[in-house]
Amino acid sequence: MIEHRPFKQLGRFQNDWLNANYHFSFSGYHDPERMGEGALRVWNDDTIQPHTGFPPHGHQSMEIITYVRTGAITHKDSMGNTGRTEAGDVQVMSAGDGVQHSEWNAEDEETTLFQIWILPREAGGKPGWGARKFPKGERSGNWAVLASSDGADDSLVINQDANVLGATLKEGETLTYEVKEGRHGYLVLADGSVELNGIVMTGRDGAAITGAETLTVKGIADAEIVFVDTV
(Lines give C-alpha, C1' and ligand atoms only; values in the text may rest on other atoms or scores of the structure.)
Protein backbone atom coordinates (compact mmCIF):
# COMPACT_ATOMS: atom_id res chain seq x y z
CA MET A 1 0.00 0.00 0.00
CA ILE A 2 1.19 3.52 -0.83
CA GLU A 3 -0.04 6.61 1.02
CA HIS A 4 0.82 9.94 -0.59
CA ARG A 5 1.59 12.72 1.92
CA PRO A 6 1.68 16.11 0.13
CA PHE A 7 4.04 18.70 1.56
CA LYS A 8 1.16 21.08 2.34
CA GLN A 9 -0.36 18.45 4.67
CA LEU A 10 2.72 18.01 6.88
CA GLY A 11 2.94 19.19 10.47
CA ARG A 12 4.56 22.59 10.87
CA PHE A 13 6.61 24.69 13.28
CA GLN A 14 8.20 28.09 12.71
CA ASN A 15 10.12 30.60 14.79
CA ASP A 16 12.64 33.33 13.96
CA TRP A 17 15.40 30.91 12.85
CA LEU A 18 13.75 27.56 12.05
CA ASN A 19 11.01 26.56 9.61
CA ALA A 20 10.26 22.87 10.23
CA ASN A 21 7.89 20.51 8.45
CA TYR A 22 7.13 17.13 10.05
CA HIS A 23 6.30 13.97 8.10
CA PHE A 24 5.64 12.20 11.44
CA SER A 25 4.50 13.29 14.89
CA PHE A 26 7.26 15.35 16.47
CA SER A 27 7.56 17.94 19.24
CA GLY A 28 4.27 19.89 19.40
CA TYR A 29 2.80 18.17 16.32
CA HIS A 30 0.88 14.98 17.10
CA ASP A 31 -1.07 12.84 14.65
CA PRO A 32 -1.88 9.31 15.88
CA GLU A 33 -1.98 8.18 12.24
CA ARG A 34 1.59 9.38 11.67
CA MET A 35 3.74 7.90 14.42
CA GLY A 36 6.36 6.39 12.10
CA GLU A 37 6.90 3.60 9.59
CA GLY A 38 8.42 0.53 11.22
CA ALA A 39 11.70 1.58 12.85
CA LEU A 40 11.54 4.98 11.10
CA ARG A 41 10.31 7.51 13.68
CA VAL A 42 11.17 11.01 12.46
CA TRP A 43 11.52 12.74 9.08
CA ASN A 44 11.82 16.49 9.47
CA ASP A 45 12.21 18.94 6.59
CA ASP A 46 14.08 21.90 8.13
CA THR A 47 15.08 25.34 6.85
CA ILE A 48 17.66 26.97 9.13
CA GLN A 49 18.49 30.66 8.87
CA PRO A 50 22.12 31.81 8.49
CA HIS A 51 24.30 31.84 11.63
CA THR A 52 21.69 30.05 13.72
CA GLY A 53 20.90 26.46 14.61
CA PHE A 54 20.29 23.85 17.27
CA PRO A 55 22.35 24.55 20.42
CA PRO A 56 23.93 21.65 22.35
CA HIS A 57 21.35 19.04 23.37
CA GLY A 58 21.26 15.35 24.14
CA HIS A 59 20.08 12.14 22.48
CA GLN A 60 20.26 8.45 23.25
CA SER A 61 19.23 5.20 21.54
CA MET A 62 18.57 6.72 18.12
CA GLU A 63 20.21 6.61 14.68
CA ILE A 64 20.10 10.19 13.34
CA ILE A 65 20.74 10.72 9.62
CA THR A 66 21.10 14.24 8.21
CA TYR A 67 20.73 14.76 4.47
CA VAL A 68 21.68 18.31 3.45
CA ARG A 69 19.63 19.68 0.56
CA THR A 70 21.12 23.18 0.21
CA GLY A 71 23.80 25.08 2.10
CA ALA A 72 25.75 23.26 4.79
CA ILE A 73 25.49 22.22 8.45
CA THR A 74 28.29 22.26 11.03
CA HIS A 75 28.26 19.48 13.63
CA LYS A 76 29.98 19.39 17.03
CA ASP A 77 29.52 16.70 19.68
CA SER A 78 30.64 15.54 23.11
CA MET A 79 32.76 12.79 21.50
CA GLY A 80 35.07 15.48 20.11
CA ASN A 81 33.83 15.28 16.51
CA THR A 82 33.49 18.41 14.37
CA GLY A 83 32.39 18.40 10.73
CA ARG A 84 30.76 20.46 8.00
CA THR A 85 28.34 18.59 5.72
CA GLU A 86 27.45 20.23 2.40
CA ALA A 87 24.46 19.95 0.06
CA GLY A 88 23.88 16.42 -1.24
CA ASP A 89 26.09 14.88 1.42
CA VAL A 90 25.12 12.90 4.51
CA GLN A 91 26.09 12.59 8.17
CA VAL A 92 25.05 9.89 10.63
CA MET A 93 25.12 10.00 14.43
CA SER A 94 24.48 6.90 16.53
CA ALA A 95 23.37 8.33 19.87
CA GLY A 96 24.06 5.07 21.72
CA ASP A 97 23.93 5.38 25.50
CA GLY A 98 24.03 9.17 25.28
CA VAL A 99 25.65 12.04 23.40
CA GLN A 100 25.45 15.83 23.32
CA HIS A 101 25.66 17.64 19.99
CA SER A 102 24.90 20.90 18.20
CA GLU A 103 23.91 21.46 14.56
CA TRP A 104 24.68 24.98 13.35
CA ASN A 105 24.26 26.84 10.07
CA ALA A 106 27.53 28.78 9.97
CA GLU A 107 26.88 29.90 6.38
CA ASP A 108 25.71 33.24 4.96
CA GLU A 109 22.72 31.52 3.32
CA GLU A 110 19.82 29.35 4.45
CA THR A 111 20.49 25.66 4.97
CA THR A 112 17.78 23.15 4.11
CA LEU A 113 18.01 19.53 5.20
CA PHE A 114 16.17 16.34 6.02
CA GLN A 115 16.67 14.95 9.52
CA ILE A 116 15.77 11.26 9.70
CA TRP A 117 15.61 9.30 12.96
CA ILE A 118 15.58 5.48 13.02
CA LEU A 119 15.28 3.35 16.15
CA PRO A 120 18.36 1.13 16.66
CA ARG A 121 18.33 -2.65 16.94
CA GLU A 122 19.20 -2.34 20.62
CA ALA A 123 19.11 0.53 23.09
CA GLY A 124 22.35 2.00 24.38
CA GLY A 125 25.79 1.07 23.12
CA LYS A 126 28.73 3.21 22.09
CA PRO A 127 27.82 6.48 20.34
CA GLY A 128 29.45 7.42 17.05
CA TRP A 129 29.44 9.94 14.22
CA GLY A 130 30.46 9.94 10.57
CA ALA A 131 29.95 11.88 7.35
CA ARG A 132 30.52 11.21 3.67
CA LYS A 133 30.25 12.99 0.33
CA PHE A 134 27.77 11.54 -2.17
CA PRO A 135 28.20 13.34 -5.52
CA LYS A 136 24.85 13.64 -7.24
CA GLY A 137 26.37 12.72 -10.59
CA GLU A 138 27.19 9.26 -9.26
CA ARG A 139 23.52 8.55 -8.44
CA SER A 140 21.96 9.87 -11.64
CA GLY A 141 19.38 7.31 -12.69
CA ASN A 142 20.53 4.92 -9.95
CA TRP A 143 19.91 4.18 -6.30
CA ALA A 144 22.97 4.99 -4.17
CA VAL A 145 23.23 3.51 -0.67
CA LEU A 146 23.79 6.43 1.71
CA ALA A 147 23.52 4.52 4.99
CA SER A 148 23.05 0.85 5.83
CA SER A 149 23.52 -1.75 8.57
CA ASP A 150 26.59 -3.27 6.92
CA GLY A 151 28.25 -0.32 5.19
CA ALA A 152 27.40 -1.69 1.75
CA ASP A 153 28.85 0.25 -1.19
CA ASP A 154 30.97 2.32 1.23
CA SER A 155 27.84 3.75 2.85
CA LEU A 156 27.66 5.15 6.37
CA VAL A 157 26.82 2.54 9.00
CA ILE A 158 23.65 2.59 11.13
CA ASN A 159 22.64 0.21 13.90
CA GLN A 160 19.42 -1.10 12.32
CA ASP A 161 18.27 -3.36 9.48
CA ALA A 162 17.58 -0.36 7.27
CA ASN A 163 18.86 1.27 4.09
CA VAL A 164 18.85 4.98 3.34
CA LEU A 165 19.02 5.48 -0.44
CA GLY A 166 19.38 8.48 -2.71
CA ALA A 167 18.85 8.98 -6.43
CA THR A 168 18.43 11.68 -9.04
CA LEU A 169 16.13 11.28 -12.03
CA LYS A 170 15.88 13.25 -15.24
CA GLU A 171 12.61 13.73 -17.07
CA GLY A 172 11.54 10.38 -18.52
CA GLU A 173 14.02 8.26 -16.55
CA THR A 174 12.65 5.38 -14.46
CA LEU A 175 13.80 3.59 -11.31
CA THR A 176 12.31 0.53 -9.64
CA TYR A 177 12.51 -0.85 -6.12
CA GLU A 178 10.91 -3.78 -4.32
CA VAL A 179 9.72 -3.29 -0.75
CA LYS A 180 9.52 -6.80 0.66
CA GLU A 181 6.73 -8.25 2.78
CA GLY A 182 7.03 -7.20 6.41
CA ARG A 183 9.12 -4.11 5.66
CA HIS A 184 8.32 -0.42 5.46
CA GLY A 185 9.37 2.28 3.03
CA TYR A 186 9.23 6.05 3.06
CA LEU A 187 10.11 8.16 0.01
CA VAL A 188 10.55 11.95 -0.04
CA LEU A 189 11.39 14.26 -2.93
CA ALA A 190 14.06 16.79 -2.13
CA ASP A 191 13.24 18.52 -5.41
CA GLY A 192 11.48 18.05 -8.74
CA SER A 193 8.51 15.88 -9.65
CA VAL A 194 7.97 12.16 -10.19
CA GLU A 195 5.23 9.65 -10.78
CA LEU A 196 5.26 6.88 -8.16
CA ASN A 197 3.08 3.93 -9.24
CA GLY A 198 0.74 6.40 -10.92
CA ILE A 199 0.80 8.96 -8.06
CA VAL A 200 2.18 12.37 -9.02
CA MET A 201 4.54 13.75 -6.38
CA THR A 202 6.13 17.18 -6.31
CA GLY A 203 9.00 18.65 -4.30
CA ARG A 204 9.04 17.75 -0.59
CA ASP A 205 6.05 15.41 -0.80
CA GLY A 206 6.34 12.09 1.01
CA ALA A 207 4.96 8.61 0.41
CA ALA A 208 4.59 5.85 3.00
CA ILE A 209 4.90 2.32 1.63
CA THR A 210 3.88 -0.84 3.45
CA GLY A 211 5.27 -3.94 1.67
CA ALA A 212 5.11 -6.01 -0.31
CA GLU A 213 5.13 -3.39 -3.06
CA THR A 214 7.05 -3.02 -6.31
CA LEU A 215 7.78 0.67 -6.83
CA THR A 216 8.21 2.35 -10.20
CA VAL A 217 9.46 5.93 -10.00
CA LYS A 218 9.37 7.94 -13.23
CA GLY A 219 10.88 11.41 -13.56
CA ILE A 220 8.43 14.14 -14.61
CA ALA A 221 10.83 17.02 -13.92
CA ASP A 222 14.45 16.61 -12.79
CA ALA A 223 14.11 15.08 -9.34
CA GLU A 224 16.19 14.35 -6.25
CA ILE A 225 14.91 11.46 -4.13
CA VAL A 226 15.65 10.15 -0.63
CA PHE A 227 14.20 6.77 0.38
CA VAL A 228 14.28 4.65 3.55
CA ASP A 229 13.62 0.89 3.55
CA THR A 230 13.44 -0.53 7.07
CA VAL A 231 12.02 -3.24 9.28
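This text goes with the structure placed above it.
Residues numbered from 1 in each chain as written. Predicted model: local features only at pLDDT ≥ 70, side-chain atom pairs only at ≥ 80, totals over all residues. Heavy atoms only, no water.

A. Representation of the nonpolar core within the structure. Residues Trp 43, Ile 116, Ile 118 and Val 164 are the most contacted members of the largest nonpolar core, which totals 25 residues. Those elements that provide at least two residues to this core are strand S4 (40-48), strand S6 (63-70), strand S9 (90-94), strand S11 (111-118), strand S13 (144-148), strand S15 (162-169), strand S17 (184-196) and strand S20 (213-230). Look past the residues within four positions of Val 164 in its chain and what remains in contact with it is Ile 65, Ile 118, Ala 144, Val 145, Leu 146, Ala 147, Ile 158, Val 226, Phe 227 and Val 228. Residues Ile 2, Val 179, Leu 215 and Phe 227 belong to the second largest nonpolar core, which totals 20 residues. (Core = buried A, V, L, I, M, F, W, Y, C linked by side-chain atoms within 4.5 Å. Buried < 20%, exposed > 50% of the residue type's maximum accessible area, 1.4 Å probe, protein only. Helix = DSSP H or I, 4+ residues; strand = E, 2+ residues; numbered from the N terminus. Contact = heavy atoms within 4.5 Å.)

B. Broad picture of the side chain of Ser 94. Assignment of secondary structure puts Ser 94 in strand S9. Among the residues examined, Ser 94 registers a relative accessible area of 15% and is labelled buried. Here Ser 94 is in contact with Met 62, Glu 63, Pro 127 and Gly 128, once residues within four sequence places are set aside.

C. Seen up close, unusual backbone geometry. Note that the residue after Gly 211, namely Ala 212, is joined by a cis bond; omega there is 5 degrees. Counting through the fold element by element, Ala 212 comes out in the loop between strand S19 (206-210) and S20. Even without being a glycine, Ser 27 presents a positive backbone phi close to 55 degrees. As for its position among the elements, Ser 27 is in the loop between strand S3 (18-22) and S4. The class for Ser 27 is exposed, based on a relative accessible area of 66%. The phi dihedral of Asn 197 is positive, around 50 degrees, even though this residue is not glycine. With respect to the element layout, Asn 197 can be found in the loop between S17 and strand S18 (199-202).

D. Up close: the packing of aromatic side chains. By the definition in use, this model includes eleven aromatic pairs. Consider the rings of Tyr 22 and Phe 26, whose centres lie 5.2 Å apart with planes at 55 degrees: the pair is tilted. The aromatic ring of Phe 7 is capped on one face by Arg 12, whose charged end is 4.8 Å from the ring centroid. (Phe/Tyr/Trp six-rings, centres within 6.5 Å; stacked < 30°, edge-to-face > 60°. Lys NZ or Arg CZ within 6 Å of the ring centre and 35° of its normal.)

E. Structural detail: the side chain of Asn 44. One can find Asn 44 in strand S4. Residue classification places Asn 44 among the buried residues on the basis of a relative accessible area of 3%. Apart from the residues within four sequence positions on either side, Asn 44 is in contact with Asn 21, Tyr 22, Phe 26, Leu 113, Phe 114 and Gln 115.

F. Looking closely at the sheet that holds S11. Judged by pairing direction, the sheet is antiparallel, and its seven strands sit side by side in the order S2-S3-S4-S11-S6-S9-S12 without closing on themselves. Bordering the open sheet on either side are strand S2 (11-14) and strand S12 (128-132), each of which pairs with just one other strand. Going across the sheet, the axis of each strand differs from the next one's by a mean of 15 degrees, ignoring polarity. Summarising the sheet, S3 and S4 pair through five bridges and their orientation is antiparallel. Within S4, the position partnered with Tyr 22 by the bridge is Asn 44. (Pairing = 2+ DSSP bridges. Axes fitted to C-alpha atoms, helices over the stretch in contact; angles between N-to-C directions.)

G. Seen up close, the pattern of salt bridges. Going through the model one piece at a time under the given rule, you end up with twelve salt bridges. We note a salt bridge from Glu 86 to Arg 84, for which the minimum N-O separation is 2.5 Å. On the basis of relative accessibility, which here comes to 45%, the residue Arg 84 falls in the partly exposed class. Residues joined in a network through salt bridges with shared partners are Arg 84, Glu 86, Asp 89, Glu 107 and Lys 133. (Salt bridge = Lys/Arg side-chain N within 4 Å of Asp/Glu carboxyl O.)

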